[in-house]
Amino acid sequence: KLQKTGIESLKQVTKRYARKQNRWVKNRFLNRPGPSVPPVYGLEVSDVSKWEESVLEPALEIVQSFIQGHKPLAAPVKMPCNEMENKRSYHMCDLCDRIIIGDREWAAHIKSKSHLHQLKKRRRLDSDAVTAIENQSISPDCDKELKEKGSPEQNEKELKSSV
Ligand SMILES: [Zn+2]
């Protein structure tokens, strides 16, 4: 019984891992092709009885061509691309202090772990600064400075409340 459940859970995690890998390849290589991205080839794997002819042989052919430095028979997989997007657009990320070229790369950047990390860091710093200012506002001089720096809306509210 233990062996049976072991095999089942192994199959389950392998499937999950394969799905995750597919998603990663799709997001990283197919959605954002570029000079540093290798070509990706699709193989028909659904019929296991045709494994040799539809998976093994084409895969070997692709690898062989790569080693010998010529184009394989199969064409690489391409994602349908949006004509509207600008591949050379210039984006400056002030948070990360980085320049990102291309709309798609930019969209990927603002969702990336490193960018979100910077965003979190910035927010934490901002909230610390707010707390520091709030603590300072006990002194009347700082209060005056705050009013001057605040948005017009805030100033209005503060004026009303002081009247
Ligand atoms: Zn960023």
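Definitions and cut-offs
- Residues numbered from 1 in each chain as written.
- Predicted model: local features only at pLDDT ≥ 70, side-chain atom pairs only at ≥ 80, totals over all residues.
- Heavy atoms only, no water.
- Donors = N, O, S within 2.8 Å, 3.2 Å for Na, K, Ca; no water.
- Tetrahedral: all angles 85-135°; square planar, octahedral: opposite > 155°, others 65-115°.
- Buried < 20%, exposed > 50% of the residue type's maximum accessible area, 1.4 Å probe, protein only.
- UniProt positions renumbered as here; feature names shortened; annotations may be inferred.
- Helix = DSSP H or I, 4+ residues; strand = E, 2+ residues; numbered from the N terminus.
- pLDDT = per-residue confidence, 0-100.
- Contact = heavy atoms within 4.5 Å.
- Polar contact = N/O pair within 3.5 Å; in protein donor to acceptor, adjacent residues only side chain to side chain.
- Salt bridge = Lys/Arg side-chain N within 4 Å of Asp/Glu carboxyl O.

- The protein is annotated in an unreviewed UniProt entry as tRNA isopentenyltransferase 1 of Panthera leo.

Digging into the coordination of the zinc ion
- Taken together, the protein donors to the zinc ion comprise Cys-93 (SG), Cys-96 (SG), His-109 (NE2) and His-115 (ND1), at separations of 2.0 to 2.2 Å.
- Angles of 105 to 113° at the metal separate the 4 donor atoms of the zinc ion, which places the site in the tetrahedral class.
- If you list the donors of the zinc ion from N- to C-terminus, the spacing comes out as C-x2-C-x12-H-x5-H. Summarising the burial analysis for this pair, His-109 and His-115 share the class buried.

With respect to the UniProt feature "domain: Zinc finger double-stranded RNA binding" (unreviewed entry) in the protein
- In the UniProt entry, the feature "domain: Zinc finger double-stranded RNA binding" (unreviewed entry) is given for residues 91–115.
- The span residues 91–115 is 48% helix and 28% strand, and its two end C-alpha atoms sit 13 Å from each other.

Concerning the confidence of the model for the protein
- Mean pLDDT over the protein: 82, with 80% of residues reaching 70 or higher.
- For the protein, the element scoring lowest by mean pLDDT is helix H5 (residues 140–149), at 49; helix H2 (residues 51–68) scores highest, at 95.
- Predicted confidence for residues 142–151 stays below pLDDT 50, and this span has 8 contacts to residues more than four positions away or in other chains.

Describing the environment of Ser-49
- In this fold, Ser-49 is placed in the loop between helix H1 (2–30) and H2.
- Ser-49 gets classed as exposed once you look at its relative accessible area, which sits at 64%.
- A polar atom in the side chain of Ser-49 sits 2.6 Å from the side chain of Asp-47.

Here we look at the pattern of salt bridges
- Considering all chains together, one arrives at 2 salt bridges under this definition.
- Across the salt bridge formed by Lys-11 and Glu-8, the nearest N and O atoms sit 3.9 Å from each other. Of this pair, Lys-11 and Glu-8 both sit in helix H1, 3 residues apart, which is roughly one turn of the helix.
- Residue class for Lys-11 comes out partly exposed when judged on its relative accessible area of 46%.
- Look at Glu-8 and you get partly exposed, because its relative accessible area is 47%.
- Note that Asp-47 and Lys-50 form a salt bridge whose closest N and O atoms lie 3.9 Å from each other.
- On the basis of relative accessible area, Asp-47 is assigned to the partly exposed category, the value being 31%.
- Under the relative-accessibility criterion, Lys-50 is labelled partly exposed at 41%.

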